[in-house]
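Analysis of the macromolecular model
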Amino acid sequence: EAHLVESGGGPVQAGGSLRLSCAASGFTFDEDYAIGWFRQAPGKEREGVSCISGSDGSTYYADSVKGRFTISRDTAKNTVYLQMNSLKPEDTAVYYCAAGAILPRLWVRAEEYDYWGQGTQVTVSS
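Thresholds applied
Residues numbered from 1 in each chain as written. Predicted model: local features only at pLDDT ≥ 70, side-chain atom pairs only at ≥ 80, totals over all residues. Heavy atoms only, no water. Disulfide = S-S within 2.5 Å. Helix = DSSP H or I, 4+ residues; strand = E, 2+ residues; numbered from the N terminus. Buried < 20%, exposed > 50% of the residue type's maximum accessible area, 1.4 Å probe, protein only. Pairing = 2+ DSSP bridges. Core = buried A, V, L, I, M, F, W, Y, C linked by side-chain atoms within 4.5 Å. Contact = heavy atoms within 4.5 Å. Salt bridge = Lys/Arg side-chain N within 4 Å of Asp/Glu carboxyl O.

Considerations on the state of the cysteines
Scanning the entire structure with this criterion turns up 1 disulfide. Linked covalently through their sulfurs, Cys-22 and Cys-97 form a disulfide whose S-S length is 2.1 Å. Disulfide Cys-22 to Cys-97: torsion about the S-S bond roughly 70°, handedness right-handed. With a gap of 75 residues between them, Cys-22 in strand β3 (residues 18–25) and Cys-97 in strand β9 (residues 93–100) connect regions that are remote in the sequence. One exposure class covers both Cys-22 and Cys-97, and it is buried. In this structure Cys-51 is a free cysteine whose sulfur lies 11 Å from that of Cys-22, the closest cysteine sulfur available.

Structure (structure tokens):
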């Protein structure tokens, strides 16, 4: 059974940083699964934030986070990270990681992913 667990969320002041972790079990990255990060704020649609390819490690970012967020993976630990710097109040959301054998051009489509974590809350105060 594939399982993803996010951690690392919490309260932070604007301009601060957090590192989110997504620990995978039941599968390994050499199965060629991409890992995406999504977020959902109250009253808003789920939004793709970033993705890392399982095939070659290519990374993708939403325009709203480019230059501030960095996605990475540690294959030995079967864990993906999202380093979030220069946080803004509009980054406040529940952040989810997801895994799937997706096409790179479809990375922002949540319905393309097969497995989801439970989410971790990020709250950025001004």
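Right, picking up where we left off after that structure.
Structural notes on the pairing of strand β5 (residues 47–52)
In terms of residue burial, β5 counts as a mostly covered element, since 5 of its 6 residues are buried. Relative to β5, strand β4 (residues 34–40) runs antiparallel, the two sharing 5 bridges. Bridge pairing links Ile-35 to Ile-52 in β5. Between β4 and the antiparallel strand that follows it, β5, lie 6 residues; Gly-43 among them carries a positive phi value of about 75°.

Details of the nonpolar core
Of all hydrophobic cores here, the largest spans 29 residues; its most connected members are Phe-27, Ile-35, Trp-37, Phe-69, Leu-82, Met-84 and Tyr-95. Of all the elements in the fold, those that place two or more residues in this core are β3, β4, β5, β7 (69–74), β8 (79–84), β9 and β11 (120–125). Contacts of Met-84, omitting those with residues within four sequence positions, involve Gly-16, Ser-17, Leu-18, Leu-20, Arg-68, Phe-69, Tyr-95 and Val-122. In terms of nonpolar packing, the next biggest core, distinct from the first, is built from 8 residues, Ala-34, Phe-38, Trp-107 and Tyr-113 among them.

Some words on the environment of Val-122
Tracing the sequence through the fold places Val-122 in strand β11. Relative accessible area serves as the criterion here: at 0%, Val-122 is assigned to the buried category. When the C-alpha positions of Val-122 and Ala-41 are compared, they lie 9.7 Å apart, and in sequence the two are 81 residues distant.

A few points about the pattern of salt bridges
Evaluation of the coordinates by the stated rule reveals 6 salt bridges. A salt bridge links Asp-91 to Arg-68; its shortest N-O distance comes to 2.7 Å. Of this pair, Asp-91 sits in the loop between β8 and β9 while Arg-68 sits in the loop between β6 (59–61) and β7, and the two are 23 residues apart along the sequence. Its relative accessible area of 10% is what places Arg-68 among the buried residues. Ionic pairing is found between Glu-111 and Arg-109, a salt bridge with its closest N-O pair at 3.1 Å. Assessed through its relative accessible area of 36%, Arg-109 is described here as partly exposed.

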